[in-house]
Each structure stands twice: as structure tokens, then as C-alpha cells.
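A closer look at the structure
In case you want the letters, here they are:
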Amino acid sequence: MNNSVNFSISPVVIMAVHGDITDIETDVMVNSANTAMVLGGTRSVASRINELTEGHLESILSNNKEYPKPVPLGQICVTESDNLPCRYVFHLSTHGNLEEMVNAANELGNKEELPDRLQEVLLKSIKDGVQNILKECEERSMARMTIPLIGSGTLNLPKPLAIEVLVGTLSSQLLKKTPKYMREIKIVTPEKSIFDF
């Protein structure tokens, strides 16, 4: 694992980290999930979490009484960590099935092509999600968070755009309101080229 301190927004240090997010000791690990909270996919943090917890967290998330489905885009479901090196996992609802995503894109009401509107829906869910994640961290007095480059894996968001929206949203939220507890945010990618970028 390689760390590179990108910048600090006092009192929070934001770092780029090359490695596996599920190996990093932290208070909160963020996972990008679908609105059904099914931890699947390939090349995803969700599938790695599902593998390491032997489906235990997905089983917890399947409780519709505690976690009503579909989980609105940008909202989070919080679970304990099972055997992961964190206290909590925040499962961020970033995407839904095709029908849910098309409906959300159509609600935008603009005249852009559908692929552009779908990307806009994803970007909005990330922005809203980051705001909700930081708020939940403060409510739980969490000081350290690891977050993947949301959208850049199975969702195929262009990597520079994924970096821009994540870092930009974190920065604007931290500048808007100085956190009382949060001190360290690690943005984690398993890809060396993205880490270098």
C-alpha cells in the first residue's frame, strides 16, 4: 500500500492510497452499492466485501424492515463491519436497475441524450452520498474514513471525472462546515495508474 498526502482541509487530511480498501484499518469503510443492497458485481468493493464476510453483510442488508428497498439514490445503509478492519461499513446507494436509472434520468427534464442524463444521475448520487456520509460520520463521532473512487469500477464512470466529483464534493463539504470529529479521509484505488494520476 502506498500513501500520498494530496492535501489538507484543516483539520482533515485527504490522501490518495493505492491498495485494497478492505485491508485498511479505519473507522468507516464506504461501499458503493445498488438500490437493492445486493453486494455483487465484478471488480467491485461490494463483491470483495461479500467475499470476505461470506455474505454476512449482504444478509443483514436484505432485511427489508430495517433497510427498506429500493434505497433512494444518495442515501446510505450502515452496517457493523463483521470481520473487516473498520467499525462500520457505509453502503452508499449510487445506482439502481435500468428502469430505476432511466426514470431518475427522465426526471431531470433536460434535453440531453439518455447516456449523459444517466451519468448526471450517477454524479448526483455520489455528491448527495458524500454529503450524507460526512454527516453520518459526524453523528457517530468517526475520525477516519476510507472511500473508493466511486463509480470508476463496474459503473464505468471516466476515472478523471470520478476523481473530480469525489475530491470536489469532499472539499466543498469540508470547507462549508468544519467537522468536529473527522480527521483523515483515504481515497483508495487498486489501480496504480489511477493512484499516480
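Look up: the structure comes first, before these words.
The structure reproduced in this document is the subject of the present report.

**Considering the packing of aromatic side chains**
Scanning all chains against the criterion turns up zero aromatic pairs. The aromatic ring of tyrosine 88 is capped on one face by arginine 140, whose charged end is 4.7 Å from the ring centroid.

**Things to note about the packing of helix α4 (residues 114-139) against helix α5 (residues 159-176)**
Think of two packed helices as two axes; the pair is described by the angle between the axes and how far apart they sit. Running from amino to carboxyl end, α4 crosses α5 at an angle of 35 degrees, the nearest separation of the two axes being 10 Å. Crossing hand, α4 versus α5: right-handed. Residue-level inspection shows Gln119, Leu123, Ile126, Lys127, Val130, Gln131 and Leu134 of α4 in contact with α5, the latter providing Leu161, Val165, Leu166, Thr169, Leu170, Gln173 and Leu174. By residue class, the composition of the contact of α4 with α5 is nine nonpolar, four polar and one charged.

**Observations concerning the pairing of strand β3 (residues 28-34)**
Counting buried positions along β3 yields seven of seven residues, so the element is predominantly enclosed. Burial of the side chains of β3 extends over both faces: Val28, Val30, Ser32 and Asn34 are buried on one face and Met29, Asn31 and Ala33 on the other. The sheet contact formed by β3 and strand β5 (residues 88-95) spans seven bridges and is parallel. Across the sheet, the residue bridging to serine 32 is leucine 92, located in β5. Judged from the two bridges that link them, β3 and strand β6 (residues 144-148) form a sheet pairing that is parallel. Bridging across to β6, methionine 29 finds its partner in threonine 146.

**As for helix α1 (residues 45-52)**
Among the residues of α1, Val45, Ala46, Ile49 and Asn50 are the ones counted as buried. Buried residues of α1, seen end-on, are gathered within an arc of 135 degrees and therefore sit on one face of the element. On the buried face of α1, the contacting elements are β3, α2 (56-61), β5 and β6.

**Describing the side chain of histidine 91**
Relative to the helices and strands, histidine 91 resides in strand β5. Polar contacts involving the side chain of histidine 91 include one to the side chain of asparagine 31, which spans 3.0 Å. Setting aside residues no more than four positions away along its own chain, histidine 91 makes contact with Asn31, Ala33, Met37, Leu39, Leu57, Leu61, Gln75, Ile76, Cys77 and Thr79.

**What about helix α3 (residues 98-106)?**
The periodicity of an α-helix, 3.6 residues per turn, causes residues three or four positions apart to be oriented the same way. Along α3, the residues classified as buried are Met101, Ala104 and Ala105. Viewed along the axis of α3, the buried residues span an arc of 100 degrees, placing them on a single side of the element. Taken together, the buried residues of α3 touch β5 and α4. Two or three places before glutamate 99, at the start of α3, stands the capping residue asparagine 97, its side-chain oxygen 3.1 Å from that residue's backbone nitrogen.

**What to know about the nonpolar core**
Counting 33 residues, the largest nonpolar core has Phe90, Ile133, Met145, Leu170 and Ile185 as its most contacted members. Mapped onto this core, the elements with two or more residues apiece are β2 (12-18), β3, β4 (76-80), β5, α4, β6, α5 and β7 (184-189). The element contributing the most residues to this core is α4, with seven residues. Among all residues touching methionine 145, those that are not within four sequence positions of it are Thr26, Val28, Val30, Ile133, Leu134, Cys137, Leu170, Met182, Glu184, Ile185 and Lys186.

Cut-offs and rules
- Position numbers for residues count from 1 along each chain, tracking the sequence in the order it is written.
- This being a predicted model, a pLDDT of at least 70 is required before a residue's local features are given, and a value of 80 or more before pairs of side-chain atoms are given or counted; all residues contribute to the totals for chains, interfaces and linings.
- Excluding hydrogens and water, the side-chain figures rest on all heavy atoms present in the structure.
- In this scheme Phe, Tyr and Trp rings, the latter by its six-membered ring, pair at centre separations within 6.5 Å, and the angle between planes marks the pair as stacked below 30 degrees, edge-to-face above 60, and tilted otherwise.
- Look at NZ for Lys and CZ for Arg. If either is within 6 Å of the ring centre and within 35 degrees of the ring normal, a charge sits over the ring.
- An axis is simply a line fitted to the C-alpha atoms; with a helix, the fit covers only the stretch in contact. Between two such axes, the angle follows the N-to-C directions and lies from 0 to 180 degrees.
- Secondary structure elements are defined from DSSP: runs of H or I of at least 4 residues count as helices, runs of E of at least 2 residues count as strands, and each element is numbered from the N terminus.
- Handedness of a crossing follows from how the near helix is turned relative to the far one, being left-handed for an anticlockwise turn of less than a right angle and right-handed for a clockwise one.
- Contacts were defined at the residue level, with two residues in contact if any of their heavy atoms lie within 4.5 Å.
- In the scheme used here, Gly and all other residues not listed as nonpolar or charged are polar, with Ala, Val, Leu, Ile, Met, Phe, Trp, Tyr, Cys and Pro taken as nonpolar and Asp, Glu, Lys and Arg as charged.
- Classification of residues uses two cut-offs on accessible area relative to the type maximum, computed with a 1.4 Å probe and protein chains only: under 20% is buried, over 50% is exposed, and between them is partly exposed.
- In short, DSSP must find at least two bridges between two strands for them to pair.
- An arc is given here, and it is the one of the directions from the helix axis to the C-beta atoms.
- Distance and chemistry together define a polar contact, namely a pair of N or O atoms within 3.5 Å, with one atom able to donate a hydrogen and the other to accept it when in protein, and with adjacent residues in sequence counting only for side-chain atoms on both sides.
- We define the nonpolar core as a collection of buried residues of types Ala, Val, Leu, Ile, Met, Phe, Trp, Tyr and Cys that are connected through side-chain atoms lying within 4.5 Å of one another.

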